[in-house]
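If you want the building blocks of each chain, they are given just below.
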Amino acid sequence: MAKMNFGGVIEEVVTRDEFPLNKALDTLKDETIAVIGYGVQGPGQSLNLRDNGFNVIVGQRPGKTYDKAVADGWVPGKTLFGIEEAAEKASIIMCLLSDAAVMSVWPTLKNYLKPGKALYFSHGFAITWNDRTGCVPPTDVDVIMVAPKGSGTSLRRMFLEGRGLNSSFAVYQDATGKAMQRTLALGIGIGSGYMFETTFQREATSDLTGERGSLMGAIQGLLLAQYEVLRENGHTPSEAFNETVEELTQSLMPLFAEKGMDWMYANCSTTAQRGALDWMTPFHDAIKPVVQKLYNSVKTGNEAQISIDANSKPDYRVGLEKELAALRESEMWQTAVTVRKLRPENN
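Residues numbered from 1 in each chain as written. Predicted model: local features only at pLDDT ≥ 70, side-chain atom pairs only at ≥ 80, totals over all residues. Heavy atoms only, no water.

## Observations regarding the environment of Trp263
The line we're drawing: Strands here mean DSSP runs of E at least two residues long; helices mean DSSP runs of H or I at least four residues long; both are numbered from the N terminus. With a 1.4 Å probe rolled over the protein chains alone, any residue whose accessible area is under 20% of its type maximum counts as buried; one over 50% counts as exposed, and the rest are partly exposed.
Looking at where Trp263 falls in the secondary structure, it is placed in helix α13 (residues 261-266). We classify Trp263 as partly exposed; its relative accessible area is 30%. Each C-alpha atom, one on Trp263 and one on Lys78, is 52 Å from the other, the two residues being 185 residues apart in sequence.

## A few points about the nonpolar core
Defined as follows: To qualify as a nonpolar core, a set must consist of buried Ala, Val, Leu, Ile, Met, Phe, Trp, Tyr and Cys residues joined through side-chain atoms within 4.5 Å. It only takes one pair of heavy atoms within 4.5 Å for two residues to be counted as in contact.
With 34 residues, the main nonpolar core has Ile33, Trp74, Ile92, Met94, Tyr120 and Leu186 as its most contacted residues. Top element by residues in this core is helix α9 (residues 179-189). It accounts for 5 residues. Apart from residues no more than four positions distant in its own chain, Trp74 is found in contact with Tyr38, Ser46, Leu47, Arg50, Val56, Ile57, Val58, Ala69, Thr79 and Leu80. Judged by nonpolar contacts, the second largest core, of 28 residues, contains Phe81, Tyr112, Val141 and Ala147.

## Concerning the pairing of strand β1 (residues 2-6)
Put simply, the rule reads: A strand pair is defined by DSSP finding two or more bridges across the two strands.
Note that β1 and strand β2 (residues 9-15) share 5 bridges and pair antiparallel. Bridge pairing in β2 links Met4 to Glu11. Hairpin connection between β1 and β2: a loop of 2 residues separates the two successive antiparallel strands, and Gly7 in this loop has a positive phi of roughly 60°.

## Here's the deal with the sheet that holds strand β10 (residues 192-197)
Selection rule: Fitted lines through C-alpha atoms give the axes, limited to the stretch in contact for helices. The angle between two N-to-C directions lies from 0 to 180 degrees.
Pairing is mixed in the open sheet, where 10 strands are placed in the order β1-β2-β10-β9-β8-β7-β6-β3-β4-β5. For this open sheet the edge positions go to β1 and β5 (80-81), each flanked by a neighbour on one side alone. Two strands pair when backbone bridges link them, and strand β3 (residues 33-36) and strand β4 (residues 56-59) are joined in this way by 4 bridges, in the parallel orientation. The residue of β4 that forms the bridge with Ile36 is Gly59. Running over the sheet, α9 touches β2, β3, β6 (92-95), β7 (118-121), β8 (142-148), β9 (165-173) and β10 and is turned about 25° from β8.

## Section: the packing of helix α11 (residues 217-232) against helix α17 (residues 331-342)
Any two packed helices are characterised by how steeply their axes cross, that is the angle between the axes, and by the distance between the axes. Going by this rule: Small angles under 35 degrees read as roughly parallel and large ones over 145 as roughly antiparallel, with 65 to 115 read as roughly perpendicular and the rest as oblique. Gly counts as polar in this scheme, as do all residues outside two lists: the nonpolar Ala, Val, Leu, Ile, Met, Phe, Trp, Tyr, Cys and Pro, and the charged Asp, Glu, Lys and Arg.
One can describe the packing of α11 onto α17 by two numbers: an axis separation of 10 Å at closest approach and a directional angle of 90°. Judged by the inter-axis angle, α11 sits roughly perpendicular to α17. Residue-level contacts link Gln220, Leu223, Leu224, Tyr227 and Arg231 of α11 to Glu331, Met332, Trp333 and Thr335 of α17. Of the residues in the contact of α11 with α17, the class split is 5 nonpolar, 2 polar and 2 charged.

## Regarding the packing of aromatic side chains
Cut-off, in case you're wondering: When the centres of two rings from Phe, Tyr and Trp lie within 6.5 Å, Trp using its six-membered ring, the rings pair. Their planes under 30 degrees apart give stacked, over 60 give edge-to-face, and anything left gives tilted. Lysine NZ or arginine CZ positioned within 6 Å of the ring centre and within 35 degrees of the ring normal marks a charge as sitting over the ring.
If you walk through the whole model with that rule in mind, you get 6 aromatic pairs. Aromatic side chains Phe121 and Phe200 sit 6.4 Å apart centroid to centroid with 85° between the ring planes, which places their arrangement in the edge-to-face category. A residue pair is termed long-range when its members are at least 10 positions apart, and Phe121 in strand β7 and Phe200 in helix α10 (residues 200-212) qualify at 79 residues. With a relative accessible area of 3%, Phe121 lands in the buried category. Here Phe200 falls in the buried class, since its relative accessible area comes to 4%. Note on Tyr172 and Phe200: the rings are 5.4 Å apart at their centroids and 55° apart in plane angle, and the pair reads as tilted. Taken as a pair, Tyr172 in strand β9 and Phe200 in helix α10 lie far apart in primary sequence, 28 residues in all. We classify Tyr172 as partly exposed; its relative accessible area is 42%. Here a set of aromatic residues connected by ring pairs shows up, and it is made of Phe121, Tyr172 and Phe200. Its end group placed over the ring of Trp263, Lys259 keeps NZ or CZ at 5.4 Å from the ring centre.

## A word on the pattern of salt bridges
Threshold: By definition here, a salt bridge exists when the distance from a side-chain nitrogen of Lys or Arg to a carboxyl oxygen of Asp or Glu is within 4 Å.
This model, assessed by the stated rule, comprises 16 salt bridges. Put simply, Arg61 and Glu84 hold a salt bridge, and the shortest N to O gap is 3.9 Å. Linking Arg61 in the loop between β4 and α3 (64-71) with Glu84 in helix α4 (residues 83-89), this pair joins segments that are 23 residues apart in sequence. Judged by relative accessible area, which is 39%, Arg61 ranks as partly exposed. Three or more residues are tied together by salt bridges with common partners; here these are Glu31, Asp142 and Arg182.

Below, the structure is given as structure tokens:
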């Protein structure tokens, strides 16, 4: 592992230099990898593994996602099977089902966790809160994780572009003595850029906090609040949207992703610079108590239980679609449809 300075804190990370693809292929040359689930992470991880030369199959029940797997080149009876058959054939079972689906499939899946196999996750949810999920693996299998820091779509897209998506990794249980090597090889195989070590508990807690916070929940709340204030004060939808969302996503985000917020502050107008410096502290002070409340809710398992309870309702999908429809049909995101059409690249 390479030692790197992260803001004054020395951490160890794994890069492709320390663990090149040929080493990963050699590590897993005798393994059969079964990707269980072809939803969010399944396509990206399985296709990247296949393109990198690993022995990988897919396990998926019949339906739309099964048909998608066929369209992506997985061959029924050869590289595409039902969940049970794929799990039986595999020495490494990559469980990439949704958290709710993991709970429903677990009673079946655990029957195929024979001694020496590896059980792989890309999220620590099922294991961290296994008192709630019931996912308690046997003690004679490796339990490992590689968690890409982004969607499966991004993982695949960046792989095809010759790039890599950062991932965290963890070993929860090392029954064979080779759990770490298996983990790192899989991380390289799925197309990780670099990998940093975590634990199942830390990954699950930080992931749920991020999703509810700056990655999705908080950003929508912040954008909507600013959009509404502008609209309530006479600004048109196009102006409010451009000043709230379009400039952020199309102009500023790519720049501070590349060079950092400090660079952004140093390279904007003096008016914007002064305002940003003056207002970042009031926003921080207002938001941090909310984030602390959120983190505590995640850490205590409350958020996990809310998710479990919601997903177990028979009418969950119906209610979810209503919530998503309300978001989709709101003025701000309907304005976005028109704004995107007006981008030069779409004309």
